[in-house]
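Residues per chain are reported as follows:
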Amino acid sequence: MPRAAVLAALTFTAAALLAPAAAASTAGPATSVPAPPAAGPASTAPPAPMATICDKYCDGRDPAQAPQDRPAVAATAGNRQLSLHLDDTDDMGWGAITNSSAGDELWLDRSFDAGRSWASGSKIGDTRTPAGYPGWRTLMFNVDDWANHGVGLLRACAQPAAATSVTCTDWRRTTWNSYDRRTAAATALMEDYNLSTGLFDTTGWWNSANALTAVIDNIRVSGVGSYTYAVSRTYTLNLSAQDGNFTNAYNDDTAWWGLAWIAAYDLTGDSRYLATARYDADHVYTYWDATCGGGVWWSSARTSKNAIPNSLFIELNAALHNRIAGDTTYLRRAQDGWTWFRGTGMINAQNLVDDGISMATCANNGQPSWTYNQGVPLAALAELYRATGNAAYLDQARTLANASTTSTSLNTNGILHDPGEQPGGGGADGPTFKGAYVRGLSALNTALADHPYTAYLKRQSDSAYAKDRNGFDQYGLLWAGAFDHADAARQHSALDLVNAAQ
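In this numbering scheme, every chain counts its residues from 1 along its sequence in written order. Thresholds applied to this predicted model are a pLDDT of at least 70 for local features of residues and 80 or more for the giving and counting of side-chain atom pairs; totals over whole chains, interfaces and linings are not thresholded and use all residues. Water and hydrogen atoms play no part in the side-chain values, which are based on all heavy atoms of the structure.

(A) Examining the pattern of salt bridges more closely. Salt bridges are defined as contacts in which a side-chain nitrogen from Lys or Arg sits within 4 Å of a carboxyl oxygen from Asp or Glu. The final tally for this structure, using the stated rule, is 28 salt bridges. For Arg-173, the salt bridge is made with Asp-144, and the minimal N-O distance between the two is 2.9 Å. Taken as a pair, Arg-173 in the loop between β9 (167–168) and α3 (181–190) and Asp-144 in the loop between β7 (141–142) and β8 (153–159) lie far apart in primary sequence, 29 residues in all. Per residue, the accessibility class of Arg-173 equals that of Asp-144, and both read buried. Across the pair Arg-172 and Asp-170 runs a salt bridge, and its minimum N-O distance is 3.0 Å. A run of H or I in DSSP becomes a helix once it reaches four residues, and a run of E becomes a strand once it reaches two; helices and strands are each numbered from the N terminus. The rule is simple: take the accessible area with a 1.4 Å probe, protein chains only, and divide by the maximum for that residue type; under 20% is buried, over 50% is exposed, in between is partly exposed.

Dropping the structure here:
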């Protein structure tokens, strides 16, 4: 925008020019969000940051018209104070600079992928401090792009006159779809959702199944349906991926996707999701044989039988029975699966579930008790109880849950962690484990009349929120703290947690 146009558009009062942040509201974050307009077809990629976006208002609005000014974050550029301001009511933001000199450059960056990228060289609302003014600010720009499902962040940047270095604030966003723990965690996860692939950037195929499940669960517990579009988009873009119908060479991957489509069916009632979940369960069942007395193989290589594909097999089949009138097949498979699982010795003397069995001995392989191996059987047993009304399933689940929630090897000072968990660690798979655990524990807690694990789940959520979260509600690996770094697997596990601790 030409400088003359900027000067004309700002229409500041003299007082505002001298101290652009002085009129800041003392109001806290908004407690409600504006409803987005009816969205047309989604674009296949995040919008270009320089494109003009029109949500409630179009980019380029005068900050003097903002009903709210929340200074979100600040930074120092030389002796200048740089700040990002947010109008939560309108989902817009602007940048401001004080103690400024003529020619200081000020602009905004906007990102639609959790701050990993923005249009190189583009400067939204680029403006310069005029001569004679000790402060300046940009126009207002939208944080999100509602029509194109762009979930965004803003930051303010400045380059003092004659300086070679650029200073930027940290990224922040408004409280639109981010007004409490649950909605903020979901929105931070959706910043990683790739509209082109229908998957979540920064994580893998099976982790994306868990991430989608967490988003679906969040829609259920929060009542905010803004991200429902991800369900059909993920399905459509990936139905033919891998080996088709969300199958691949790994039976745990296939079962995770089957459970995601169960959740999608529960949310939407769309029968195609239930049909795909059935296809996935039938596919996994082809890997059940008599080796070591039963159970499904981990993969098409048929080299090992592990806890996770088999507990997922039980949960998926029991869940299908509970949603298919007149079924007997899926229930029989689920019951056979649990009978075999209990008899393998994978449940150790401490009532923790170890990694799997040795194919040489058909007995417990003595490998670690990962958290997700504790959680999935709880959800499976809750589904079996729903299917049969047999309280013995809940009793068995309670025994396992009591063991995992009190285990000192899995809980240090009462906070859950995986064996060997370290800052920056977890690899590609580990960050998903705790999310699957708390999701399963929550399913059991809901099924039990006394809800005995509510306090445990709240303790985990309070710790992660206080110690393992950055300024725009991304979570790290260690729920006891400190925050290490963000990715979609870490984030969906945190979303599973805040969903569970509702």
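Moving on from the coordinates now.
(B) Just helix α10 (residues 371–388), in detail. To estimate the expected span of a helix, count its residues, drop one, and scale the result by 1.5 Å. Here α10 contains 18 residues, and its C-alpha end-to-end distance of 27 Å stays within 8% of the 26 Å for a straight helix at 1.5 Å per residue. Of the residues trailing α10, Gly-389 is marked for its positive phi of about 75 degrees.

(C) How the structure looks around the state of the cysteines. Here, a disulfide means two cysteine sulfur atoms that sit within 2.5 Å of each other. Within this structure, the stated rule accounts for three disulfides. A sulfur-sulfur separation of 1.8 Å characterises the disulfide bridge that pairs Cys-54 with Cys-58. Torsion about the S-S bond of the Cys-54 and Cys-58 cystine: about 105 degrees, corresponding to right-handed handedness. Residue classification places Cys-58 among the partly exposed positions, given a relative accessible area of 38%. A sulfur-sulfur separation of 2.0 Å characterises the disulfide bridge that pairs Cys-157 with Cys-168. Residues Cys-157 and Cys-168 are joined by a disulfide whose S-S torsion is about 110 degrees; by sign, that bridge is right-handed. One end of the pair, Cys-157, is in strand β8; the other, Cys-168, is in strand β9, with 11 residues separating them in the sequence. In the protein, the bonded cysteines, taken in the order they occur along the sequence, pair up as 1-2, 3-4, 5-6.

(D) How the structure looks around the nonpolar core. Met-190, Phe-200, Trp-256, Trp-257, Trp-261, Leu-320 and Leu-384 are the most contacted members of the largest nonpolar core, which totals 96 residues. Whether two residues touch is decided by their heavy atoms; if any such pair falls within 4.5 Å, the residues are in contact. Ignoring anything within four residues of it in the chain, the contact list for Trp-261 reads Leu-212, Val-231, Thr-234, Tyr-235, Phe-246, Tyr-273, Thr-276, Ala-277 and Asp-280. Only buried Ala, Val, Leu, Ile, Met, Phe, Trp, Tyr and Cys residues count toward a nonpolar core, and they belong to the same one when joined by side-chain atoms within 4.5 Å. One finds Val-73, Leu-106, Leu-139 and Val-143 within the second-largest nonpolar core, a separate group that totals 15 residues.

(E) Quick peek at unusual backbone geometry. Residue Ala-482 follows Gly-481 across a cis peptide bond; omega there is 0 degrees. Locating Ala-482 in the fold gives a position in the loop between α13 (454–467) and α14 (488–500). Positive phi values are uncommon outside glycine, yet Ala-114 reaches one of about 65 degrees. Not every positive phi belongs to a glycine, and Asn-245 is a case in point at roughly 55 degrees. As for its position among the elements, Asn-245 is in the loop between α5 (229–238) and α6 (251–268). With relative accessibility at 24%, the residue Asn-245 sits in the partly exposed group.

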